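Each chain, written out:
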Amino acid sequence: MMNDSLFSLVCAGEIFELKAELNSDKKEKKKEAVKKVIASMTVGKDVSALFPDVVNCMQTDNLELKKLVYLYLMNYAKSQPDMAIMAVNTFVKDCEDPNPLIRALAVRTMGCIRVDKITEYLCEPLRKCLKDEDPYVRKTAAVCVAKLHDINAQLVEDQGFLDTLKDLISDSNPMVVANAVAALSEIAESHPNSNLLDLNPQTINKLLTALNECTEWGQIFILDCLANYTPRDDRESQSICERVTPRLSHANSAVVLSAVKVLMKFMEMLPKDLDYYGTLLKKLAPPLVTLLSAEPELQYVALRNINLIVQRRPEILKHEMKVFFVKYNDPIYVKLEKLDIMIRLASQANIAQVLAELKEYATEVDVDFVRKAVRAIGRCAIKVEQSAERCVSTLLDLIQTKVNYVVQEAIVVIKDIFRKYPNKYESVIATLCENLDSLDEPEARAAMIWIVGEYAERIDNADELLESFLEGFHDESTQVQLQLLTAIVKLFLKKPTETQELVQQVLSLATQDSDNPDLRDRGYIYWRLLSTDPVAAKEVVLAEKPLISEETDLIEPTLLEELICHIGTLASVYHKPPSAFVEGSRGVQHKRLPGSSAAGVSEAPPAVIPSQGDLLGDLLNLDLTPPTTTGPPPPSSGMQMGAMDLLGGGLDSLVGYLHSTMGAGFGAPPAAMPASFTAPVSGGLDDLFDLGGGVGMPMGAYSPPKTVWLPAMKAKGLEISGTFARRAGVIQMEMTLTNKAMSVMTDFAIQFNRNSFGLAPAGPLQVLTPLSPNQSIEVTLPLNTVGPVMKMEPLNNLQVAVKNNIDVFYFSCQYPISMLFVEDGKMERQVFLATWKDIPNDNESQFQIKDCHLNSDAASNKLQGSNIFTIAKRTVEGQDMLYQSMKLTNGIWVLAELRVQAGNPNYTVICTCVLYMYLQFNNINIIIIPAA
């Protein structure tokens, strides 16, 4: 034993004395000096200066001294790698020592020294120790392989240590087998697809044989390995279960839980009508019950695992309800877990017993526990229908106690009971209303408001009750405000003559005086429903509600299967898969029970869910994956009246739009043209003529300059500038992504909302390299027009979502209409003339394009670069008239007449048709002619 006085010996100036003692010829003096060094190292003093002197002490036959020196080496080798090489020869020599303890000590220490320079010298001694005649040395060497693999995985594979490790599974010594399994399992976790543990019936038989003889931790390693094996059939599964079952009586709780995990997994393959299946169920209960007699911390771990087991197989513990009754001295965390399991085990056979317990718990002093107990009574009513009446009676008794928090919890659960059993227990409403003034918690107030609104026709003074809540509307929580709004609308639909002022008041408060977007949106929806179609409003608001489910807090089946496969680990305590809390999720595999439909199915990437308060997020269905089809849009025919639906709902919508936009008859132009139309604006028709750009510019489709779409301050440092272009018949979104944040940005993806012309990405957003801070990158995204269609305001508005590793960001931009003009938009001359002549002269609108210094031929050439084709040209009194046609991507034809007066920089655009639409797309005024 080391004397306590050793810890106070080393002080300033004594390093020299220690150095002298370490180099002493007397073994005892040398040993005491090393003890002093280790003591100083233990309390945090720096004794690295003594490294060469301590290493010299390795040359000894004294096992105690050698252990101390090795301990020192493990601590300081990383900071003194060059000096540590001095010890290599001694390590190699010790690996061949006659004493197996020294051989094992040497190879263990070499594995713990994480210095690359030493690693290569470790290979030969390790290879010898793996085949050593002594099992103690072999089991130590097996663990050393796993440590070496963590330092240099490639070296382990090249030296063939993994094959040697697999051979050790067949070793005659059970502890060697257990350590080999442990090492291979650890290596396999970091290489999930390596198939290192090639389990087969022969290997499984060897593991089961070793299981009976190795230590408790060895048994855990082997059981965990068995849990990863999938039996070939039910006979093999039963055989394994029979050999694992004795582990259930082990004193170590970890061994018991590991055995339960194996049995729970292999039971999936056993037929339920098999006699052994019933026997196994009976054998599983006693060990789980025994775990609950341990200290509270172990009880909690056991209860969390039992919670999972009960959800999967409640029949295992269906006769053990009393074990989960709460004791007065249980910690709160144990009480709450027991309560949860009691509800899961509740059935018609034991409900009377359970209710008596729960009623007793509701009178406890612990507020949290009492709340949970009251909720548990409600859950019993929902789960066991035959007990519902007794549960409601119990809740009413609790309400009569007038204890504030008990009353509020009871009202919350009674609301759920009303949902589960409509028109059955409404007689208790009067009792609930008596306690209205005592409610001060949002959930209880919301529940009471729901009850009043839902059963307003049975409550004579429902309007007065709801009006009392309305007085402090803005001080209420969002949950209460939303419920109050819905309840008053329900009341109005049931008693319209008496509550008109009340509903107007709440709609006004929700829409005009509230900043909450959820509340405001719901208010507007109700307002429009009530003002346009009260019958539809009644069908929507008073619709029959689905019954609530029996168990609302069950773990999702796929997740439950995975957690069952992780019984006895942290995952079973957290009730979360390892990937949710293991940092980096390196090597984490998603496990499934045998025969599961989910087995073998690859995990789908999680959908990005935008924040609830983001209105654009509500519009966008963010499946940020590349489109599955990138083919050309479907061919359009001349008789494509359906294309008009993009404007709302066909011609009826179009006429309504004309009235709202023009405010006059079809034949008259707008009474007052927008100021933006008369002035040249970037991106409009003036830009198609390239005003100010010079005649010598190259021909082709006009592309507006880039503008900032998403400022960095609104996107956590990501700035996006962009424009649209049409090149070789393909619409392109050209963007510059700039990282103005301090962190690297990766994993970019993009998604469009539904829009007027069905624009959608034709492929993923190609950002091939991480975007470093202060770096910019140019990205071109090809688009197609096969996406979903919805009328936007304005029609050329595009809502975009961009995702990266930081967040999802939203912005809107407007694309030039000229991007949608297709290359085959030149109408046949005869068709054009026939269509043009059929349009009455009365339907004519005239617009001016100013400051365009191009003649008619140059203008025609410029426009043709943007797929605006000149069909005919004539000159009348020195004025050139160009008759032009365009065709949109959705097959709609556009006709126009352009008048150019020589020497006059102002052009005149005349739009005439039977039915036309005044569209302002960046100053372009066009005519839409229904194809006929």
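Here the residue numbering is sequential within each chain, running from 1 through the sequence in written order. Only residues with pLDDT of at least 70 are given local features in this predicted model, and only at 80 or more are side-chain atom pairs given and counted; all residues enter the totals for whole chains, interfaces and linings. To get the side-chain values, all heavy atoms of the structure are used, and hydrogens and water are removed first.

**As for the overall build of the protein**
Helix and strand content of the protein: 38 helices and 16 strands. Residues classed as buried in the protein amount to 51% of the 932 residues present. When contacts within the protein are restricted to residue pairs at least 6 apart in sequence, long-range pairs at least 24 apart make up 67% of them. Each accessible area value is a Shrake-Rupley result obtained with a 1.4 Å probe; residue values ignore everything except the protein chains displayed when judging cover. On the protein, roughly 43900 Å² of surface is accessible, and the fraction owed to carbon and sulfur atoms is 51%. Runs of H or I in DSSP of at least four residues are treated as helices and runs of E of at least two as strands, each being numbered from the N terminus. With a 1.4 Å probe rolled over the protein chains alone, any residue whose accessible area is under 20% of its type maximum counts as buried; one over 50% counts as exposed, and the rest are partly exposed. A contact between two residues is defined here by any heavy atoms of the two lying within 4.5 Å.

**Comments concerning the side chain of glutamate 337**
Looking at the element boundaries, glutamate 337 is found in helix H19 (residues 332-345). Assessed through its relative accessible area of 8%, glutamate 337 is described here as buried.

**A closer look at the packing of aromatic side chains**
Two aromatic rings from Phe, Tyr or Trp, using only the six-membered ring of Trp, form a pair when their centres are within 6.5 Å; if the ring planes differ by under 30 degrees the pair is stacked, by over 60 it is edge-to-face, and anything between is tilted. Summed over all chains, the structure comprises 11 aromatic pairs. Measuring from centroid to centroid gives 5.4 Å for phenylalanine 418 and tyrosine 455, while their planes differ by 75°, and the two rings are edge-to-face. Taken together, the residues span a long stretch of sequence, with phenylalanine 418 in helix H23 (residues 404-420) and tyrosine 455 in the loop between helix H25 (442-454) and helix H26 (462-470) at a distance of 37 residues. Here phenylalanine 418 and tyrosine 455 have matching classes, each one buried. Centroid distance phenylalanine 757 to tyrosine 815: 6.5 Å. Interplanar angle 80°. Geometry classified as edge-to-face. Here phenylalanine 757 is found in the loop between strand E4 (749-752) and strand E5 (760-761), whereas its partner tyrosine 815 is found in the loop between strand E8 (808-814) and helix H37 (829-837), with 58 residues between them in sequence. Side by side, phenylalanine 757 and tyrosine 815 carry an identical accessibility label, which is buried.

**Description of the sheet that holds E4**
In short, DSSP must find at least two bridges between two strands for them to pair. Reading across the sheet, the 3 strands line up as E4-E7-E8 and stay open at both edges, with antiparallel pairing between neighbours. With partners counted over all chains shown, the strands left at the sheet margins are E4 and E8, one partner each. Averaged over all adjacent pairs, the angle separating strand axes in this sheet is 25°, with direction ignored. As paired elements, E4 and strand E7 (residues 797-803) share 4 bridges and run antiparallel to each other. Its bridge partner lying in E7, glutamine 751 is registered against alanine 801. Simply put, an axis is a line fit to the C-alpha atoms, just over the touching stretch for a helix, and the angle between two N-to-C directions goes from 0 to 180 degrees.

**Things to note about the nonpolar core**
The term nonpolar core refers to a set of buried residues drawn from Ala, Val, Leu, Ile, Met, Phe, Trp, Tyr and Cys, joined through side-chain atoms within 4.5 Å. Counting 209 residues, the largest nonpolar core has Tyr72, Leu73, Leu126, Leu207, Leu358 and Phe418 as the members making the most contacts within it. Look past the residues within four positions of leucine 126 in its chain and what remains in contact with it is Val107, Ala141, Cys144, Val145, Leu148 and Phe161.

**Examining the confidence of the model for the protein**
Low pLDDT means the predicted atomic positions in that stretch should not be read closely. Each residue carries a pLDDT score, the predictor's own confidence in it, on a scale running from 0 to 100. Per-residue confidence for the protein averages 78 on the pLDDT scale, and 82% of its residues sit at or above 70. No element of the protein has a lower mean pLDDT than helix H34 (residues 651-662), at 30, and none a higher one than E5, at 93. Per-residue pLDDT stays below 50 along residues 1-10; that stretch engages in 19 contacts with residues further than four places along the chain or on separate chains. Low confidence marks residues 913-932, where pLDDT is under 50. Its contacts with residues over four positions away, or in another chain, come to 93 contacts.

**Details of the side chain of aspartate 171**
Secondary-structure assignment places aspartate 171 in the loop between helix H11 (161-167) and helix H12 (174-190). On the basis of relative accessible area, aspartate 171 is assigned to the buried category, the value being 17%. A polar contact is formed between the side chain of aspartate 171 and the side chain of arginine 138, at a distance of 2.9 Å. There is a polar contact of 2.8 Å between the side chain of aspartate 171 and the backbone nitrogen of asparagine 173. The contact partners of aspartate 171, leaving out residues within four places of it in the chain, are Arg138, Val176 and Val177. Throughout this description, a polar contact denotes any pair of N or O atoms lying within 3.5 Å of each other; where both atoms belong to protein, one of them has to be capable of donating a hydrogen while the other can accept it, and for residues adjacent in sequence the pair is counted only when both atoms sit in side chains.

**Observations regarding the packing of helix H21 (residues 367-383) against H23**
Across the interface, H21 lies against H23 with an axial gap of 9 Å and an inter-helix angle of 20°. The orientation of H21 with respect to H23, classified from their angle, is roughly parallel. Note that H21 runs across H23; the crossing there is right-handed. Across the interface between the two elements, Val367, Val370, Arg371, Val374, Arg375, Gly378, Ala381 and Ile382 from H21 touch Tyr405, Val406, Glu409, Ala410, Val412, Val413, Asp416, Ile417 and Lys420 from H23. Taken together, the residues that form the contact of H21 with H23 break down as 11 nonpolar, 1 polar and 5 charged. In these notes the angle categories are as follows: under 35 degrees is roughly parallel, over 145 is roughly antiparallel, 65 to 115 is roughly perpendicular, and the rest is oblique. In this scheme, a crossing is called left-handed if the near helix is turned counterclockwise away from the far one by less than a right angle; it is called right-handed if the turn is clockwise. Each residue receives one of three labels: charged for Asp, Glu, Lys and Arg, nonpolar for Ala, Val, Leu, Ile, Met, Phe, Trp, Tyr, Cys and Pro, and polar for the others, Gly being one of them.

**Regarding the environment of arginine 375**
You can see arginine 375 is positioned in helix H21. Overall, the relative accessible area of 28% leaves arginine 375 in the partly exposed class. On a C-alpha basis, the gap between arginine 375 and isoleucine 411 in space is 9.8 Å, while along the polypeptide they are 36 residues apart. Sequence-distant contacts of arginine 375, defined by excluding residues within four places in its chain, comprise Glu409, Val412, Val413 and Glu443.

**What to know about the pairing of strand E6 (residues 776-784)**
Summarising the sheet, strand E3 (residues 730-739) and E6 pair through 8 bridges and their orientation is antiparallel. In the strand pairing of E6, methionine 735 is matched with valine 779. Inspection of the sheet shows E5 paired to E6 by 2 bridges, in the antiparallel sense. Across the sheet, the residue bridging to proline 761 is leucine 783, located in E6.

**Some details on the packing of helix H22 (residues 388-399) against H23**
Contact pair H22 / H23: the axes reach a minimum separation of 9 Å and the direction vectors enclose 155°. By the angle between their axes, H22 is roughly antiparallel relative to H23. The handedness of the crossing between H22 and H23 is left-handed. For the pair H22 and H23, the contacting residues are Val392, Leu395, Leu398 and Ile399 in the first and Val406, Val407, Ala410, Val413, Ile414 and Ile417 in the second.

**Remarks on the sheet that holds E3**
Taken in spatial order, the 5 strands of this open sheet run E1-E2-E3-E6-E5, and their pairing is antiparallel. The strands lining the two open edges of the sheet, one partner per strand, are strand E1 (707-710) and E5. As paired strands, strand E2 (residues 718-727) and E3 are joined by 10 bridges and run antiparallel to one another. Bridged to glycine 722 within E3 is methionine 735.

**Some words on a negative patch on the surface**
Patch building starts from residues that exceed 30% relative accessible area and form no salt bridge, then joins like charges within 9 Å and nonpolar side chains (Val, Leu, Ile, Met, Phe, Trp, Tyr) within 5 Å. Here a salt bridge means any side-chain nitrogen of Lys or Arg lying within 4 Å of a carboxyl oxygen belonging to Asp or Glu. Here the positive residues are Lys and Arg and the negative ones are Asp and Glu; neither His nor the chain ends is included. In this description, the location of a charge corresponds to atom NZ of lysine, CZ of arginine, CG of aspartate or CD of glutamate. A grouping of Glu464, Glu467, Glu471 and Glu501 is seen on the molecular surface, where their side chains present a negatively charged patch. Locating glutamate 501 in the fold gives a position in helix H28 (residues 500-511).

**Digging into the pattern of salt bridges**
For the structure on display, the rule yields 32 salt bridges. Notably, a salt bridge pairs aspartate 224 with lysine 261, separated by 2.9 Å at the nearest N-O pair. With aspartate 224 in helix H14 (residues 216-226) and lysine 261 in helix H16 (residues 253-266), the pair connects residues that are 37 residues apart, well separated along the chain. For aspartate 224, a relative accessible area of 27% corresponds to the partly exposed category. Here glutamate 734 makes a salt bridge to arginine 727, at a shortest N to O gap of 2.8 Å. Looking at glutamate 734, the relative accessible area reads 14%, which means it is buried. Classification of arginine 727 as partly exposed rests on a relative accessible area of 40%. A cluster of three or more residues bridged by salt bridges with shared partners is formed by Glu268, Arg312, Arg313, Glu315 and Glu561.

**Here's the deal with H23**
Helix span is expected to be 1.5 Å times the residue number reduced by one. Helix length check: H23 (17 residues) gives 25 Å between terminal C-alpha atoms against 24 Å at 1.5 Å per residue, within 8%. Within H23, 12 of the 17 residues are buried, which leaves the element mostly enclosed by the surrounding structure. Buried within H23 we find Val406, Val407, Gln408, Glu409, Ala410, Ile411, Val412, Val413, Ile414, Ile417, Phe418 and Lys420.

**Digging into the environment of glutamate 216**
Here glutamate 216 shows up in helix H14. Beyond its immediate sequence surroundings of up to four residues, glutamate 216 is in contact with His250, Asn252 and Val255.

**What to know about unusual backbone geometry**
In this model, glutamate 793 is joined to proline 794 through a cis peptide bond whose omega is -10°. Within the secondary structure, proline 794 sits in the loop between E6 and E7. In this structure, lysine 716 takes a positive phi of about 55° despite not being glycine. Structurally, lysine 716 can be placed in the loop between E1 and E2. A positive phi angle, near 55°, is found at aspartate 747, a position not held by glycine.

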